Structures are given as C-alpha cells and as structure tokens.
Number of protein chains: 2
Amino acid sequence: MTSRTLYSLCGSDDARPFSPHCWKAVMSLAHKGLDFEERPLAFTAIPGVENGFSKTVPILRDGDELVKDSFEIAVYLDEAYPNAPSLFNGEGGKALSRFVESWSQTQLHPAIVKIAVLDIHDMLDEADRAYFRETRTKALGKTLEEVISDRDAEIAVFPEKLAPIRRMLASQPFLGGDTALFADYIVFGALQWARVTSGVDLFGKNDAVRDWFERCLDLHGARGRSVTAA
Amino acid sequence: MTSRTLYSLCGSDDARPFSPHCWKAVMSLAHKGLDFEERPLAFTAIPGVENGFSKTVPILRDGDELVKDSFEIAVYLDEAYPNAPSLFNGEGGKALSRFVESWSQTQLHPAIVKIAVLDIHDMLDEADRAYFRETRTKALGKTLEEVISDRDAEIAVFPEKLAPIRRMLASQPFLGGDTALFADYIVFGALQWARVTSGVDLFGKNDAVRDWFERCLDLHGARGRSVTAA
C-alpha cells in the first residue's frame, strides 16, 4: 500500500486527467521513481479533500506531509528525496525553471485557453460545467464561445510560439540538457493539457518540438501516452 | 599587465561597445572577478585579429587559450575558474540558460533589429557602414530603411515581449534567483544593445523589468552603466 496520493483534475471521465499543473506533478513523481496513487477530482470536489487544504490541484499527500502547487511539489520532492534523480540539477536549474514556468504561463497557457476552453467545458460533469462557465466567463471577461471565436487563427500561429524551444533543441534534446528536468515537464504539461482536451495538432511540419514532445510522452513508462489524445 | 583580452564590437567611437553577445561576455568576466582588457573592433577588423580565429566577436584570449561565442566563453570561464562565483550554478542552470538564449534570440533580438538597425548603421565608420548595409540587407531581404518602417509599432509592443521576465520577477529578483547568473546577462545583453544603440525606452510604466535592468546596470561596479544610453 502506498501512502502517497496525488489529487489531480478530471472531467466526467476520471481516466482522462488533463490539468497542465497536475501533469507536471505526475511527471515529477515518476521522475523521482516514487509510487503514488493519482486521484483525479472534479473542480467542485477539490475543497472537499484534505479538509480544504487548497482551492487548486495538484495537492500531494506524502505520509504526514501535504504540499500544493506544482512548483512547490517539485521543490519538496527534490528536498525530501535527494538520492533520487534531481528535478532541477542544482540551484541555477531551480531558479531558471521559474523563468520557464513564466514563459509557459504567459505565452502558451493563454493561447491554449483560446483553443481549448470549450473542449474543457464539454469534458466536465454537470456541476462542474456550471462552475467552470461562471468562473471562466468572469475571469476572461467573455463567454466561452467568444473566447474561442478566433480558435483557428490561434491554432495557426501556435507553432510560432514554440520558437524558443525549437531553437534550443538544436543544442540539446531536452530543456534539462541530455535528460528531462522539471522545466521539460512544465512545457510538457501545457501541451499535454491541449492534447488531452482538444487533440489539436499544435506543432509545425517536421517540427523538432513535436519530436521532443513525443520523447516526453515516452518517458517514465510512457505515462503521458497512457491518456490518449482527444 | 593582464594577459586577458576580450575582443568586442564598436562603431566609430570605441568607447561605445554595443554588441549584445559581447556584453554577455563582459558581464561574465566581471562576474568571475577577472581582470581583462576590452578591445572593441569594427566589424571589418574582426578577421584581422588572432589570425582570423573567428568571424564574429566576442573572442576571448586568456593566456594561451582562445575562445569564441558568448555561451562557450561562459562555459569556459566556469570550467577554468571553478573557485570564482559560478555563471550557471550547476548543470541544470547551464542547460536552461540555452533556453533563455533561445528565447532572447527568437523574441527580443528580431524586434530590436526592427527598432535599432539604422541606429547601429549610423554608429559605424565608413568601411563598416558599407559592409553592414550589404550583409544586413541580404540577410533581412529588405533595405535597412524598410526594416525599420514599423519602428514605432515595434517599440509600442516591445514591453509585452518581456512578459515572461515580468512574471518571474514576482518570485525572485534575478533569473538566477537571489543573484544574477549568465542567464541574466543573456537578456541584459539584448536590452543593453538596444540602450546603447537606440536609447529607446523599451519598458512599460512602473515595470518590474526596468527595475531588474537597472539592477543589472549596477552590477560589477556599474560596468553596464559606464556606457551611457544613446
């Protein structure tokens, strides 16, 4: 029996967890070689677990420890399990992972919302649909249908947004260098979110970024590939 | 007498070196606390030094060692002077600095060219002007005047390009974390290039990225500030 539980996010099908941040945590636990039970939740079920410890997932329960936030979970895992492969390879790697996170959050996430927000809505169960539509409409200042009104144009320009990754891949196969680090999982999480919710092809033709993403899907017993594209 | 020479780039005024890549190397040497003589060259003078070792600057002569390319120089310095402050803080930091380099090269550099390419031309001496105009017109597929035809619009949207840095600064004062690393010098180099050649304000109002840039100008005896804005 494992004492480690990762609370993540799902729609009506709990076999299709899709949250980018939860995928970062899943890949981090797998990277450390740690057994864990993933427990996907509906949005509206999150406040009901662990005495309302966090309004968002991922939440990691590791024995007596409770940790929230994907970055904090990665930091926790590296500190708690120093003998397993590092997620940062040093303090410089940890600091620069914050830049990668900020790049992904400001460049990729808003574009994926404009592509997939209605797909995400449609994956949810009834209670979550109402919650999601209300909170997202308020946060985005538009109806979900308005948010995706330029969906095709967003898809068309998305490969350009991956230019920094594409150029870097001429130097090395992963953001982490020869092997994947948490920084890879940050970007993977965003693209896996799009893959599981929308299934849209966000890469260019003969795109080195696609090859990198496929390598990430293959990591850790092809954990990412175990959930198929929408 | 120092045995260390950094060949960099200048226009007709050799007190105003402007190359982004050379600024990365200047800051790297200063970060390591190493004495060096900076020898700014005209573009057309580069093949004439060190027996044509490199077509581009920076070139570092360190005793018997010759190293070119700003990233390679940083790697060399960390290996040759392991007891001085690291430029990467570990292998993860080195790998992720490649991502920062790729982000800067694909997102900031092309925009700065569209803002400053004619300013750069106008800083050069006569021989370099002809060389620069010919090579850049060929590389960009446009006259220099055409390249800057949307200059004002490029300036207006430039602060948005800094969004990943801006968001990251909510977590930490430098890309390197509590202190600057080579990754900071990569982004600093791009913005210093714009500052020295065009003098245009590329930040937003009350912009945390401006504060970070000012902190970088102050580093290492305010080396960056010693060359004033255009």
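Residues numbered from 1 in each chain as written. Chains lettered and ligands numbered in written order. Predicted model: local features only at pLDDT ≥ 70, side-chain atom pairs only at ≥ 80, totals over all residues. Heavy atoms only, no water.

## Let's talk about the UniProt feature "domain: GST N-terminal" (unreviewed entry) in chain A
Alright, step 1. UniProt records the feature "domain: GST N-terminal" (unreviewed entry) for residues 9-85 of chain A in the present numbering.
Alright, step 2. Summarising residues 9-85 of chain A: 30% helix, 18% strand, and an end-to-end C-alpha distance of 26 Å. (UniProt positions renumbered as here; feature names shortened; annotations may be inferred. Helix = DSSP H or I, 4+ residues; strand = E, 2+ residues; numbered from the N terminus.)

## Some details on the pairing of strand 4 (residues 65-68) of chain B
Alright, step 1. Bridge analysis of strand 3 (residues 59-62) of chain B against strand 4 of chain B gives four bridges, and the strand direction is antiparallel. Among the inter-strand pairings, aspartate 62 of chain B is bridged to a residue of strand 4 of chain B, identified as glutamate 65 of chain B. (Pairing = 2+ DSSP bridges.)

## Concerning the interface of chain B and chain A
Alright, step 1. Contact residues are listed per partner, giving 30 residues for chain B and 30 residues for chain A.
Alright, step 2. When residues of chain B are sorted by the area they lose upon contact with chain A, Leu96, Phe99 and Arg167 of chain B head the list and together hold 31% of the total.
Alright, step 3. For the pair chain B and chain A, the interface holds zero salt bridges.
Alright, step 4. Summed over the shared surface of chain B and chain A, the result is six residue pairs in polar contact (both at pLDDT 80 or more).
Alright, step 5. Contributions of two or more residues to the side of chain B that touches chain A are made by helix 3 (91-123) and helix 7 (163-168) of chain B.
Alright, step 6. Per element, the largest residue contribution to the side of chain B that touches chain A is 15 residues, and it comes from helix 3 of chain B.
Alright, step 7. Within the side of chain B that touches chain A, the residues separate by chemical class into 13 nonpolar, 13 polar and four charged. (Contact = heavy atoms within 4.5 Å. Buried area = accessible area lost by both parts, 1.4 Å probe. Salt bridge = Lys/Arg side-chain N within 4 Å of Asp/Glu carboxyl O. Polar contact = N/O pair within 3.5 Å; in protein donor to acceptor, adjacent residues only side chain to side chain. Nonpolar A, V, L, I, M, F, W, Y, C, P; charged D, E, K, R; others polar.)

## Let's talk about the pairing of strand 3 of chain B
Residue and element names in this part refer to chain B.
Alright, step 1. Examined bridge by bridge, strand 1 (residues 4-9) and strand 3 share four bridges and lie antiparallel to one another. Of the residues in strand 3, the one forming a bridge with arginine 4 is aspartate 62.
Alright, step 2. Here strand 3 folds back onto strand 4 in antiparallel fashion, the turn holding two residues, of which glycine 63 has a positive phi close to 60 degrees.

## A closer look at the relation of the copies chain B and chain A
Alright, step 1. Rotating chain B by 180 degrees and moving it 0.0 Å along the rotation axis overlays it on chain A with an RMSD of 0.0 Å. Accordingly, the operation relating the two chain copies is best matched by a two-fold axis. Among all C-alpha atoms of chain B, that of glycine 93 of chain B lies closest to the rotation axis, at 2.0 Å.
Alright, step 2. Of the interface residues in chain B, 100% have counterparts in chain A that sit at the interface too, so the contact is made through matching surfaces. (Least-squares fit on C-alpha atoms with pLDDT ≥ 70 in both.)

## Regarding the pattern of salt bridges
Alright, step 1. Counted under the stated rule, the structure contains 30 salt bridges over all chains.
Alright, step 2. Between arginine 223 of chain A and glutamate 38 of chain A there is a salt bridge, with its nearest N and O atoms 2.9 Å apart. Highlighted residues: arginine 223 of chain A in the segment after helix 9 (208-222) and glutamate 38 of chain A in strand 2 (residues 37-41), separated in sequence by 185 residues.
Alright, step 3. Note on glutamate 38 of chain A: relative accessible area 19%, which makes it buried.
Alright, step 4. With a closest N to O distance of 3.4 Å, lysine 94 of chain B and glutamate 91 of chain B form a salt bridge. With lysine 94 of chain B and glutamate 91 of chain B both in helix 3, this residue pair falls three residues apart, about one helical turn. (Buried < 20%, exposed > 50% of the residue type's maximum accessible area, 1.4 Å probe, protein only.)

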